[in-house]
Amino acid sequence: MEPSTQKLIHTFGALADLGQEIAGTGDFSEMVRTSMHLLLGTLALRRGAVVECVDAGPLRCAAIWGLGDQFLSGFEIDEAEKKVFLKGDTAEFLVRNTKTSNIFINRHRDQLVHEGIELVLPMIVRSEVTGLVLLGGKASGEEFSSEDFDTIRAMVRHIGVGIHTHRLLEQIAQRAEENKRLYVELRAIYRDTVRAFAAAIDIKDKYTQGHSERVGKYSEIIAREMGWSEEEVEGIQIAGYLHDIGKLIVDRDIINAPYNIDAKSSSELNRHPAAGYEILAPIRHPYADIPLMARHHHERLDGRGYPDGLKDEQIPIGAKIVSLADSFDAMTTDRPYRRRRSFEDVVRDLRENSGTQFDGKVVAAFARAILKEVTGQTRERRIAKILGKGYLEGEHVATLLQDLIADLELPQKAQKAS
Ligand SMILES: [Fe+2]
C-alpha cells in the first residue's frame with residue numbers, strides 16, 4: 001500500500017475516533033484531552049494545547065500536552081484579535097510567518113517560539129472563535145504539508161463543535177436550574193399569599209381565629225394518610241386555607257352572630273362556598289381543583305348539602321377531606337355559646353354521620369392519623385398540638401379510635417368482598 005494511502009486511512013480512522021469521542025456523553029475535559037491526543041498522535045506532534053476563549057481576556061486551558069504548567073500565563077485575546085482569526089488561509093496561522101496579518105500571533109510571537117509552538121488555529125463555530133488550538137514539535141522535523149493542514153483543520157473543526165455543544169448544554173442546564181429556582185420561589189410566594197388570605201378570612205370571624213389554618217393542616221394530614229402524592233398534599237393544604245374565602249362577601253354581623261341565625265341570614269351565609277368558587281376560579285393555581293374544593297366543602301354524601309346537593313360519588317374527594325377537616329375543627333373549638341365537645345362526643349358524631357355527611361374512608365384515614373400520634377407511632381404530634389394539652393390524653397382515646405376505624409373499615413371490606 002502506498003504510504004499516502006496508508007496515511008489517508010489513518011487520518012480517516014482518527015477522524016472517526018474523534019467523532020465518537022465528541023458525541024460521547026462522558027466527561028467534557030476528558031473529551032477535549034482525548035481529542036487533542038488523537039490530533040497529536042495523527043500528526044506525530046510533541047506538543048499542543050486546546051484553549052477556550054471565554055469572552056475577551058485570558059485564555060482558558062481545556063487540554064495541554066508537552067508544555068509547561070505556566071504556558072498560558074500572559075496569553076490574552078481581545079475582540080479584534082479574535083476577528084482576524086476568522087479570515088486567512090493556514091499560512092496566516094504559522095508562527096514563523098512574520099508577514100502574517102494575524103495580530104494575535106504577531107503580538108505573542110516571541111513567547112510562542114519560546115514554547116515551541118508552530119501553528120495557532122482557531123476553532124470557529126457559527127462564525128465565532130470559540131477557542132484556539134496551538135501545535136508544535138513535529139517528530140519528523142519536517143514542515144507541515146498541505147495534507148497535514150487539511151487533517152488539522154478537519155480535526156480542529158470537530159473539537160470546536162464539541163466544545164460549542166458542551167457550552168450550549170451547560171447553558172441549558174443553568175437555565176433549567178434557574179427556572180426551577182424561580183418555580184420554587186413562585187410557589188413559596190403563592191403559599192405565603194394564600195396564608196395571608198386565610199388570616200384575612202379568619203379575622204372577619206372573631207370566634208374562629210385560626211380556623212382556616214387549622215383546616216389546611218388537618219386536610220394535609222388526612223390526604224397524606226390516604227397516600228396522596230406530596231404535590232397533591234400541598235394542594236389540599238392550600239384548599240383548606242382558602243375553603244372559606246367566600247365569607248369575605250358575607251356580612252360580618254351574620255358571620256359573628258353569637259347564636260342561631262334566622263333563615264334569611266342562614267341562606268346568606270350559605271352563599272359562601274359558591275362565592276368562594278367564583279373568587280378562586282379565575283386564578284391560575286399551581287395545584288389542581290382548589291376552586292372546586294372550596295365550592296363543595298359543605299356538600300353531604302346523602303345529597304342534603306349545598307350549594308349543589310351533590311351525592312357521594314359526585315363530590316370531589318378533596319372536598320370530602322376539607323369538609324371533614326372543617327367540621328372537626330368546628331366541633332373541637334369553643335364557641336361563645338358552647339364549649340367544644342369532648343373527644344368521645346366527636347368520635348360518636350363522626351361514626352353516626354359517616355356515610356350520610358362524611359365519607360367513611362376519609363374519616364377512617366383521619367382516625368388512623370390521630371391514632372398514630374396517640375400511640376407514638378409518629379414523632380410529630382401536630383394534631384395533638386393544635387387540640388391543646390389534655391384533649392387527646394387518656395387510655396380511652398386509643399380505644400375509641402381503634403373501634404371507630406374497625407367499624408368504618410369493616411363495611412368497606414365486606415363491600416369489596418361481595
Ligand atoms: Fe365553610
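Higher on the page you've got the structure.
What counts, and where the lines are drawn
- Residues numbered from 1 in each chain as written.
- Predicted model: local features only at pLDDT ≥ 70, side-chain atom pairs only at ≥ 80, totals over all residues.
- Heavy atoms only, no water.
- Helix = DSSP H or I, 4+ residues; strand = E, 2+ residues; numbered from the N terminus.
- Rg over C-alpha atoms; globule rule 2.2 N^0.38 Å.
- Contact = heavy atoms within 4.5 Å.
- Areas by Shrake-Rupley, 256 points an atom, 1.4 Å probe, with all protein chains shown as cover.
- Lys, Arg positive; Asp, Glu negative; His and termini not counted.
- Charge placed at Lys NZ, Arg CZ, Asp CG, Glu CD.
- Donors = N, O, S within 2.8 Å, 3.2 Å for Na, K, Ca; no water.
- Tetrahedral: all angles 85-135°; square planar, octahedral: opposite > 155°, others 65-115°.
- Patch = residues over 30% accessible without salt bridge, like charges linked within 9 Å, V, L, I, M, F, W, Y side chains within 5 Å.
- Salt bridge = Lys/Arg side-chain N within 4 Å of Asp/Glu carboxyl O.
- Buried < 20%, exposed > 50% of the residue type's maximum accessible area, 1.4 Å probe, protein only.
- Pairing = 2+ DSSP bridges.
- Expected span 1.5 Å × (residues − 1).
- Polar contact = N/O pair within 3.5 Å; in protein donor to acceptor, adjacent residues only side chain to side chain.
- Phe/Tyr/Trp six-rings, centres within 6.5 Å; stacked < 30°, edge-to-face > 60°.
- Lys NZ or Arg CZ within 6 Å of the ring centre and 35° of its normal.

1. A word on the overall build of the chain
In terms of helices and strands, the chain carries 16 helices and six strands. For 418 residues, the compact-globule estimate of 2.2 N^0.38 gives 22 Å, and the chain exceeds it by more than 25% at 37 Å. Reported as C-alpha extents along the three principal axes, the dimensions of the chain are approximately 105 × 50 × 40 Å. A fraction of 62% describes how many contacts in the chain between residues 6 or more apart in sequence connect residues 24 or more apart. When the accessible surface of the chain is split by element, carbon and sulfur atoms take 52% of a total near 22,100 Å². Separation of charge centres in the chain, based on 55 positive and 64 negative side chains, amounts to 4 Å.

2. Some words on the coordination of the iron ion
The protein atoms that coordinate the iron ion are Asp244 (OD), His272 (NE2), His297 (NE2) and His298 (NE2), at distances of 2.2 to 2.4 Å. Its four donor atoms give the iron ion angles of 81 to 165 degrees at the centre, a pattern that matches the irregular case. Mapped onto the polypeptide sequence, the residues donating to the iron ion form the spacing pattern D-x27-H-x24-H-H.

3. Topic: a nonpolar patch on the surface
There is a patch of nonpolar side chains on the surface, built from Phe197, Leu248 and Ile249 and spanning about 240 Å² of accessible area. Looking at the secondary structure, you find Leu248 in the loop between α7 (230-242) and α8 (252-255).

4. With respect to the pairing of strand β5 (residues 119-125)
Counting buried positions along β5 yields six of seven residues, so the element is predominantly enclosed. Of the pairings in the sheet, the one linking β5 to strand β6 (residues 128-138) comprises seven bridges and is antiparallel in character. Paired with Leu119 across the bridge in β6 is Leu135.

5. As for the environment of Ile103
Structurally, the position occupied by Ile103 is in helix α4 (residues 103-115). Its relative accessible area of 38% is what places Ile103 among the partly exposed residues. For the pair Ile103 and Ala80, spaced 23 residues apart in sequence, the C-alpha separation works out to 8.5 Å. Beyond its immediate chain neighbours, meaning those up to four positions away, Ile103 contacts Ala80, Glu81 and Val84.

6. A look at the pattern of salt bridges
Scanning the model with the defined rule gives 34 salt bridges in all. The shortest N-O distance in the salt bridge between Glu143 and Arg96 comes to 2.4 Å. On the criterion of sequence distance, the pair formed by Glu143 in the loop between β6 and α5 (146-204) and Arg96 in the loop between α3 (79-84) and α4 is long-range, its members being 47 residues apart. With a relative accessible area of 55%, Arg96 lands in the exposed category. Between Glu230 and Arg224 there is a salt bridge whose closest N-O contact spans 2.7 Å. The partly exposed category is assigned to Glu230, whose relative accessible area is 46%.

7. Some details on α4
The end-to-end C-alpha distance of α4 is 18 Å, a good match for the 18 Å that 13 residues give at a rise of 1.5 Å each. If you check which residues of α4 are buried, you get Phe104, Ile105, His108, Arg109 and Leu112. On its buried side, α4 packs onto β4 (76-77), α3, β5 and β6. You can read the cap of α4 off the contacts: a side-chain oxygen lies 3.1 Å from the backbone nitrogen of Phe104, and it is on Asn102. Once α4 finishes, Gly116 follows within two positions and takes phi at roughly 80 degrees, a positive value.

8. Brief notes about the packing of aromatic side chains
Here the structure, examined in full by the defined rule, presents ten aromatic pairs. Ring geometry for Phe71 against Phe75: centres 5.5 Å apart, planes inclined by 50 degrees, an arrangement best described as tilted. Phe71 gets classed as buried once you look at its relative accessible area, which sits at 1%. By relative accessible area, Phe75 is classed as buried at 2%. Judged by centre distance (5.9 Å) and plane angle (80 degrees), the ring pair of Phe343 and Tyr391 falls under edge-to-face. Note that Phe343 is positioned in helix α13 (residues 343-353) and Tyr391 in the loop between α15 (382-387) and α16 (395-417), a separation of 48 residues in sequence. Between Arg295 and the ring centre of Tyr277, over which it is positioned, the NZ or CZ distance is 5.1 Å.

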